[in-house]
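# Commentary on secondary and tertiary structure
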Amino acid sequence: MAEINVSVEGMRATLTEALERVRKANTDYFDLLEKGLSSSPLPIASQAKEFCTFMRRNVAATFDLGDKLIHAKDVQDALKLQAEFFQEQMRTLTDQARTAGESAMKAAGGMFSPKA
């Protein structure tokens, strides 16, 4: 029985290490993407940057879930973590959609305002 526990802990350590490598690669990707958006001459660059921020938060939440799942005690614990994650993601999606809608309305309003 001790051999099984050692292999489970070894598997958790391997998964944790792999998750950290992927998390680092993801951070590098988003840093590069944001740098590209910052230098973009497109008029929608600010909205694209905001969308990128939303994506970064969502991916970070997914990595956090993965980290929690690696350390789940049992299937019931894993299911509880997934249910909580889903509920939080739905709340986040609602907030992000509202924010993006407000931002789009401001941008559209600026397009149609009279020029002095």
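Provided above is the structure to which this section pertains.
Residues numbered from 1 in each chain as written. Predicted model: local features only at pLDDT ≥ 70, side-chain atom pairs only at ≥ 80, totals over all residues. Heavy atoms only, no water.

## Quick notes on the overall build of the protein chain
Of regular secondary structure, the protein chain possesses 3 helices and 0 strands. Taking contacts inside the protein chain between residues at least 6 apart in sequence as the whole, the part at least 24 apart equals 62%. When the accessible surface of the protein chain is summed, it comes to about 8,800 Å², and 65% of that surface belongs to carbon and sulfur atoms. (Helix = DSSP H or I, 4+ residues; strand = E, 2+ residues; numbered from the N terminus. Contact = heavy atoms within 4.5 Å. Areas by Shrake-Rupley, 256 points an atom, 1.4 Å probe, with all protein chains shown as cover.)

## Details of the packing of aromatic side chains
One pass over the full model with this rule turns up 1 aromatic pair. A centroid spacing of 5.3 Å and a plane angle of 65 degrees characterise the contact between Y29 and F30, whose relative ring orientation is edge-to-face. Of the residues examined, Y29 reaches a relative accessible area of 48% and is grouped as partly exposed. F30 sits in the buried class, given a relative accessible area of 3%. (Phe/Tyr/Trp six-rings, centres within 6.5 Å; stacked < 30°, edge-to-face > 60°. Buried < 20%, exposed > 50% of the residue type's maximum accessible area, 1.4 Å probe, protein only.)

Keep in mind these values describe shape, not function.
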